[in-house]
Amino acid sequence: MDHAAVIACIEQIAPPAGAAAWDNSGVQVAGTRAQVRKLGVTIDPAPGRLREALDWGADMVLTHHPLYMEPKPLSRPGYFLDAARAVLADGVWLYAAHTSLDVRPEGPAGWLARTLRLENLRVLEPAGPEAPQTGYGLAGELPAPLPWEEFAAHLGDCVARDFWTLAGEAPRRVRTVAYCTGSGASLGGAAQAAGAEVLVTGDVKYHAAMEAEIFTIDVGHFSLEERMTREMAALLDERLGPQGVSVRFFPGSDPLRVHLPK
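Quick look at the structure, then. (Residues numbered from 1 in each chain as written. Predicted model: local features only at pLDDT ≥ 70, side-chain atom pairs only at ≥ 80, totals over all residues. Heavy atoms only, no water.)

## Digging into the sheet that holds strand β4 (residues 93-96)
Link 1 in the chain: Ordered in space as β1-β4-β3-β2-β11, the 5 strands form an open sheet in which the pairing is mixed. Strands at the two margins of the open sheet, each flanked by one partner only, are β1 (26-29) and β11 (246-249). The average undirected angle you get between the axes of adjacent strands in this sheet is 25°.
Link 2 in the chain: Pairing between strand β2 (residues 38-42) and β11: 4 bridges, direction parallel. In the strand pairing of β11, Leu39 is matched with Val247.
Link 3 in the chain: Sitting on the sheet, helix α9 (residues 221-240) is in contact with β2, β3 (60-63) and β11, with an inclination near 170° to β11. (Pairing = 2+ DSSP bridges. Helix = DSSP H or I, 4+ residues; strand = E, 2+ residues; numbered from the N terminus. Axes fitted to C-alpha atoms, helices over the stretch in contact; angles between N-to-C directions. Contact = heavy atoms within 4.5 Å.)

This is the structure in structure tokens:
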């Protein structure tokens, strides 16, 4: 399949026009391969993941996170240079669907809402009045209210991380849930305005936790977006597989680890 047609399929799901102004969604490295027979999908353009995809024979790699936010020189050893070398040496395309994917809650970004079976969904931070269903974060009602302990157990079945950090006072019961993939702590006010008792997100910082407007559960940036990227791979497989493109998801790894000293 022509590389431009594969990119067009990606952009039907994650239109680049929806990306934030500060973001770098889109082509990261222009490849030389005209045809794409194998598409690798992974959360980060980490050199190790890219090498796995190239060893598999990928002609294009789609990541969620960009290779860079601001252009970097190719003169300094490290992550960026190693990743660029990997794809440039083989003429492989590297594409990132970052905030262009985050702002499309009807797609893979809405996986947790669907898993929790939230109803009456609304976007926490709409992209604009002309697109009220596009933007960051979602809020919705559970099929039935749950005591906090039962909701926490249910959420634990959905999120593949064995520890969370909490900010604020836990509610006795949870009816309305807000969540945002990635770093969504800034949406606490919008979540509260939407009637949510809890906000599920990642990357909650100290001062944001001190001033939390709503009970906030930080389940980790990686855990939310790794699942989103896996869902993206499955969706692309449905659309591209019948057209002769093999799609394979390459699991990433959380760069943050927990250490429990004695």
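## Re the packing of aromatic side chains
Link 1 in the chain: For the coordinates displayed, the defined rule picks out 4 aromatic pairs.
Link 2 in the chain: A centroid spacing of 6.3 Å and a plane angle of 40° characterise the contact between Trp148 and Phe151, whose relative ring orientation is tilted. With Trp148 and Phe151 both in helix α6 (residues 148-158) and 3 residues apart, the pair spans about one turn of that helix.
Link 3 in the chain: Overall, Trp148 belongs to the buried group, its relative accessible area being 14%.
Link 4 in the chain: Overall, Phe151 belongs to the buried group, its relative accessible area being 0%.
Link 5 in the chain: Through pairs of rings, three or more aromatic residues link up here, namely Trp148, Phe151 and Phe215. (Phe/Tyr/Trp six-rings, centres within 6.5 Å; stacked < 30°, edge-to-face > 60°. Buried < 20%, exposed > 50% of the residue type's maximum accessible area, 1.4 Å probe, protein only.)

## Here's the deal with the packing of helix α1 (residues 3-13) against α9
Link 1 in the chain: Contact geometry for α1 and α9: axes closest at 11 Å, N-to-C directions at 125°. Overall, the two elements α1 and α9 adopt an arrangement that is oblique. In the crossing of α1 with α9, the sense of the turn from one axis to the other is right-handed. In this structure, α1 contributes Val6, Cys9, Ile10, Gln12 and Ile13 to the contact, and α9 contributes Met232, Leu235, Leu236, Arg239 and Leu240.
Link 2 in the chain: Each residue belonging to the contact of α1 with α9 can be placed in one class, and the counts come to 8 nonpolar, 1 polar and 1 charged. (Parallel < 35°, antiparallel > 145°, perpendicular 65-115°, else oblique. Left-handed = near helix turned anticlockwise from the far one by under 90°. Nonpolar A, V, L, I, M, F, W, Y, C, P; charged D, E, K, R; others polar.)

## So, unusual backbone geometry
Link 1 in the chain: Residue Asn120 is not a glycine yet carries a positive backbone phi of 55°.
Link 2 in the chain: Of note, Asn120 is situated in strand β5 (residues 119-128).

## Quick look at the side chain of Arg161
Link 1 in the chain: Among the structural elements, Arg161 can be located in the loop between α6 and β7 (165-167).
Link 2 in the chain: Here Arg161 occupies a buried position and makes no salt bridge, while the nearest side chain of opposite charge, Asp254, is found at 4.2 Å.
Link 3 in the chain: For Arg161, the side chain forms a polar contact with the main-chain oxygen of Val219, separated by 3.5 Å. (Lys, Arg positive; Asp, Glu negative; His and termini not counted. Salt bridge = Lys/Arg side-chain N within 4 Å of Asp/Glu carboxyl O. Polar contact = N/O pair within 3.5 Å; in protein donor to acceptor, adjacent residues only side chain to side chain.)

## Observations concerning α1
Link 1 in the chain: Taken as a whole, α1 has its buried residues at His3, Val6, Ile7, Cys9, Ile10 and Ile13. One face of α1 carries all of its buried residues, which in axial projection span an arc of 155°.
Link 2 in the chain: Taken together, the buried residues of α1 touch β1, β2, β3, β4, α4 (99-102) and α9.
Link 3 in the chain: Residue Asp2 occupies the N-cap position of α1, its side-chain oxygen lying 2.9 Å from the main-chain nitrogen of Ala4. (Arc of directions from axis to C-beta.)

## Description of empty space enclosed by the protein
Link 1 in the chain: Applying the stated rule across the entire model yields 1 cavity of 30 Å³ or more.
Link 2 in the chain: Considered as a void within the structure, the largest cavity measures approximately 80 Å³ in volume.
Link 3 in the chain: Mapped by element, the contributors of at least two residues to the lining of the largest cavity are β6 (131-147) and β8 (173-183).
Link 4 in the chain: Of the residues forming the lining of the largest cavity, the biggest block, 4 residues, is contributed by β6.
Link 5 in the chain: Its residues assigned to classes, the lining of the largest cavity comprises 6 nonpolar, 3 polar and 1 charged. (1 Å grid on protein atoms, 1.4 Å probe; cavity = no way out; pocket = protein on both sides within 12 Å on 5 of 7 lines; lining within 4 Å. Points joined across faces, edges and corners; volume = space filled by probe spheres on them.)

## Digging into the pairing of β8
Link 1 in the chain: With respect to burial, β8 is a largely interior element, 8 of its 11 residues being buried.
Link 2 in the chain: Relative to strand β9 (residues 198-202), β8 runs parallel, the two sharing 4 bridges. Paired with Tyr179 across the bridge in β9 is Val200.

## Here's the deal with the layout of surface pockets
Link 1 in the chain: Reported here for the largest pocket is a volume of approximately 310 Å³.
Link 2 in the chain: What lines the largest pocket is a set of 19 residues, and nearest its centre among them are Trp22, Thr99, Asp102, Tyr136 and Ser183.
Link 3 in the chain: Of all the secondary-structure elements, those providing two or more residues to the lining of the largest pocket are α4, β8 and α9.
Link 4 in the chain: A total of 4 residues in the lining of the largest pocket trace back to one element, the largest contributor, which is β8.
Link 5 in the chain: Class assignment for the residues of the lining of the largest pocket results in 6 nonpolar, 10 polar and 3 charged.
Link 6 in the chain: Approximately 180 Å³ is the volume attributed to the second largest pocket.
Link 7 in the chain: In terms of lining, the second largest pocket is formed by Trp111, Cys158, Val159, Ala160, Arg161, Phe222, Ser223, Glu226, Arg227, Arg230 and Asp254.
Link 8 in the chain: When grouped by side-chain class, the residues that make up the lining of the second largest pocket number 5 nonpolar, 1 polar and 5 charged.

It is worth stressing that arrangement in space is one thing and function is another; only the former is reported here.
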